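Fold and geometry: a report
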Amino acid sequence: MRRARKETFTAEEAGRVDRIASSHMPRSVFSQEGVEILVGGCAVKKSHKVKVGDEVSVSWSEEVMDSLEGEDIKLDVLYEDEAILVVDKPAGMVVHPGAGNWSGTLVNALLYRYGDDFSTSDEDEEGDLQRPGIVHRLDKDTSGVMVIARTGQAHRELCRQFAEHTNEKVYIAVAKGRFTKRRGTVEKNIMRDPKDRKRFTVTDDPKKGKSAVTHYTVLHQTDDLAFLRIRIETGRTHQIRVHMKSLGHPILGDPIYSRPDSSWPDVGLCLHALKLSFDHPVSGVRMSFTAPLPQRIREVVRLMRGLPRSPEGRG
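All figures in this text were calculated on a predicted structure; none of them were measured in a lab.

Some remarks on the overall build of the chain
Counting secondary structure elements, the chain contains 5 helices and 17 strands. Looking at the 315 residues of the chain, the share that counts as buried comes to 47%. Here the chain displays about 16,100 Å² of accessible surface, and carbon together with sulfur accounts for 46% of that area.

This is the structure in structure tokens:
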């Protein structure tokens, strides 16, 4: 079923209305069709610039489940307090329920861990029944650090930090091909591929897509693979995968943007969210969390360095 949602607030700073609004609601709202944005009662585009004091109203609809249930799924917890939970999400786990993935998700695990009360963003708010506590997401096949909000206050504050890019996100990846430079930056807008709605692509048209910035450093290079450290300033869907593909260096094991390669073990997508830094939503203290490099990527790196496969990697 679909549920109508509406959020009204007064702008406390000037800027694009979608950026200002993203601290009050999921940024993904603005990629949906049928979203209506009113400023002072007049319909505007998401690129409209608001002034301090403008009244903003955003209306949209979303698909939700009538009976989303908690599931006893083990989580690799890196940190937990009354406001936040930080986990190391495994590859293969979907973050939130959606078409074809109504169970076995991170959200199902969170509902089991915290109960039905966790499905609301605050005591006096209806909340998001489909994405309780979810501030950001990782693709199904990407592993690594994620922070989850446990209260409405924490959710709003963390959403603000992600929208304003004051946090730091560092990834590790294995990409195909030989890089000519040890360091580089990709700064290209990302948009949906007009030929395939499940894919994304880069565009040189500044009026299309969303801005995205990716910095990379080559840590180790062979003739046909590169071990990379990647820092992203933005958090667009498939950003690293699309930017690396645009350079001619798709991520090894990428089922969407790369072709299968029998030269290396089939270990899945070699992309891992290594480190996440942000200000605690209550105390304001800067915090950093690291998720150890998973076995699937360590195995490829060992082979890149000419080392034999580890005992746990055999079989």
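With respect to the side chain of T142
Secondary-structure assignment places T142 in the loop between α2 (106–114) and β9 (143–149). Owing to a relative accessible area of 2%, T142 belongs among the buried residues under this scheme. Those residues within four positions of T142 in sequence are excluded, and the remaining contacts are K89, P90, A91, Y171, L269, L271, H272 and A273.

Thoughts on the environment of K46
Among the secondary structure elements, K46 is positioned in the loop between β4 (42–43) and β5 (49–50). Given a relative accessible area of 33%, K46 falls into the partly exposed group. The spacing of K46 and V17 is 29 residues in sequence and 5.7 Å in space, taken between C-alpha atoms. With residues up to four places along the chain from it excluded, the contact list for K46 reads R16, V17, D18, F30, I37 and K210. A polar contact of 3.3 Å, which involves the side chain of K46, links it to the backbone oxygen of F30.

How each quantity is defined
Residues numbered from 1 in each chain as written. Predicted model: local features only at pLDDT ≥ 70, side-chain atom pairs only at ≥ 80, totals over all residues. Heavy atoms only, no water. Helix = DSSP H or I, 4+ residues; strand = E, 2+ residues; numbered from the N terminus. Buried < 20%, exposed > 50% of the residue type's maximum accessible area, 1.4 Å probe, protein only. Areas by Shrake-Rupley, 256 points an atom, 1.4 Å probe, with all protein chains shown as cover. Contact = heavy atoms within 4.5 Å. Polar contact = N/O pair within 3.5 Å; in protein donor to acceptor, adjacent residues only side chain to side chain.

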